[in-house]
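If you want the building blocks of each chain, they are given just below.
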Amino acid sequence: MSISLETRALTVNFGGHVAVNQVSCAFRPGTLTAIVGPNGAGKTTYFNLISGQLPASGGEVLLNGESLTRHGAAARARGGLGRAFQLTNLFPRLSVLENVRLVLQARHRTGLRLLTTWFSQRHLVEEAGDILEQISLAARRDTPASALSHGDQRKLEVGLLLAMQPQVFMFDEPTAGMSHDEAPVILELIARIQARRDKTILLVEHKMDVVERLADRVIVLNHGQLVADGAPAAVMRLRVVQEAYLGAEVAAEEAA
Ligand SMILES: Nc1ncnc2c1ncn2[C@@H]1O[C@H](COP(=O)(O)OP(=O)(O)OP(=O)(O)O)[C@@H](O)[C@H]1O
């Protein structure tokens, strides 16, 4: 399939520090790419540059061949870049159902006039209800988003992404801070999006088992540079990756 998202020599400097350094990479629909690397390698910064949260110092981000340089985060989201796990996406006082319904409403571009009709309201609520089933939050549909546990808020964010139906899904450590019971729901959802094979999925992930389970391709960032790119089995054996993961495990053991 043709390229959906591409970065060309994407670069950002913070003072004298080059956090992302000339990263050129192309992503295709139907592929889940895991972005791995040691702490501070530039993974989240790379995401921020792609989604427009952070302006680049150099290089370009292209979606379907079109440069996004002039577009801010909101325009990129409308254009098809869906990034989860910025809890700011949620409307805290609105119920779980209303959060999803609002995003569906925006996607269907149903104006206020149409929305007043009983049919369109019912249709949106039904579609929102389906999404709540998928994210296992149907029982919490009337709960304000702010009253949900952290794990449930993260599920709801995936629900908002499902409602947006972006072309590119960006997940930044989707199960971080989640309990053992909660994480599988999110991973299953990502696997289901992946199974449709029409979306481009980017995943920043520290957990090796998650990368091994989900990734079709792994790219490695180290000191802001793209240092490896390929099939998960081969890339995960590389020393820089082993050190990054072993380092994380040792650090976790020391902290325990
Ligand atoms: N807004 C900022 N201002 C200054 N330096 C920053 C800023 N954001 C990130 N950095 C620096 O850029 C480098 C890359 O950080 P980044 O968070 O992207 O790494 P990461 O690979 O996501 O790390 P981790 O795995 O620990 O989340 C780090 O040295 C970080 O301190």
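The name an unreviewed UniProt entry assigns to the chain is Branched-chain amino acid transport system ATP-binding protein, from the organism Rugamonas rubra.

**Q** Go over the site of the ligand with me, naming the residues and quoting the values.
**A** Around the ligand lies a shell formed by Phe14, Ala19, Gly37, Asn39, Gly40, Ala41, Gly42, Lys43, Thr44 and Thr45. Here the shell around the ligand takes three residues from helix α1 (residues 43–51), the largest share from any one element. Of the residues in the shell around the ligand, the class split is three nonpolar, six polar and one charged.

**Q** Pulling in residues and values, what's your account of the domain arrangement of the chain?
**A** In terms of domains, the chain is made up of domain 1 (1–80 + 167–256) and domain 2 (87–165). With three residues, the top contributor of residues to the side of domain 1 that touches domain 2 is helix α7 (residues 183–195). Classifying every residue of the side of domain 1 that touches domain 2 gives six nonpolar, two polar and one charged.

**Q** Please provide a residue-by-residue account of α7, values included.
**A** With 13 residues, α7 extends 18 Å between its outermost C-alpha atoms, agreeing within 8% with the 18 Å of an ideal straight helix rising 1.5 Å per residue. Arg197 lies just past α7 and shows a positive phi near 60°.

**Q** With reference to specific residues and values, describe the nonpolar core.
**A** One broad rule of soluble globular proteins: the nonpolar side chains tend to lie buried together. Counting 67 residues, the largest nonpolar core has Ile35, Val100, Met170, Leu203 and Val218 as the members making the most contacts within it. In terms of residue count, the dominant contributor to this core is helix α6 (residues 150–164) (seven residues). Viewed by domain, this core spans two of them, domain 1 (1–80 + 167–256) and domain 2 (87–165), each represented by three or more residues. Residues in contact with Met170, not counting those within four places in the same chain, are Phe47, Ile50, Ser51, Leu81, Gly82, Arg83, Ala84 and Leu202.

**Q** Before we move on, could you go through the sheet that holds strand β1 (residues 5–14) and cite the residues and values that matter?
**A** Taking strand neighbours across the sheet as the criterion, the four strands line up as β2-β1-β4-β5 in an open arrangement whose pairing is antiparallel. Looking along the sheet, the strands with just one partner apiece sit at the ends: β2 (17–27) and β5 (66–67). Strand direction decides the pairing type here: β1 and strand β4 (residues 58–63), joined by five bridges, are antiparallel. Looking at the pairing, Arg8 lines up with Glu60 of β4. This element, α1, spans β1, β2 and β4 of the sheet and lies at about 65° to β2.

**Q** If you had to explain the sheet that holds strand β10 (residues 225–230) to someone new, which residues and values would you point to?
**A** The sheet built from six strands is open, its strands ordered β6-β7-β8-β3-β9-β10 with mixed pairing. Strands at the two margins of the open sheet, each flanked by one partner only, are β6 (81–83) and β10. Direction aside, neighbouring strands of the sheet carry axes that sit 20° apart on average. In this fold α1 packs onto β3 (32–36), β6, β7 (168–172), β8 (200–204) and β9 (217–222), with an angle of close to 150° to the strand it touches most, β7. Running at roughly 150° to β8, α7 makes contact with β3, β7 and β8 of the sheet.

**Q** With reference to specific residues and values, describe unusual backbone geometry.
**A** Even without being glycine, Ala9 reaches a positive phi, approximately 50°. Checked against the element boundaries, Ala9 lands in strand β1. Of the residues examined, Ala9 has 12 C-beta atoms within 10 Å and is grouped as exposed.

Each value, and the rule that gives it
Residues numbered from 1 in each chain as written. Predicted model: local features only at pLDDT ≥ 70, side-chain atom pairs only at ≥ 80, totals over all residues. Near = placed C-beta within 6 Å. Helix = DSSP H or I, 4+ residues; strand = E, 2+ residues; numbered from the N terminus. Nonpolar A, V, L, I, M, F, W, Y, C, P; charged D, E, K, R; others polar. Domains from an automatic or database assignment. Expected span 1.5 Å × (residues − 1). Core = buried A, V, L, I, M, F, W, Y, C linked by C-beta atoms within 7 Å. Buried ≥ 20, exposed ≤ 12 C-beta atoms within 10 Å, placed from the backbone. Contact = placed C-beta atoms within 7 Å. Pairing = 2+ DSSP bridges. Axes fitted to C-alpha atoms, helices over the stretch in contact; angles between N-to-C directions.

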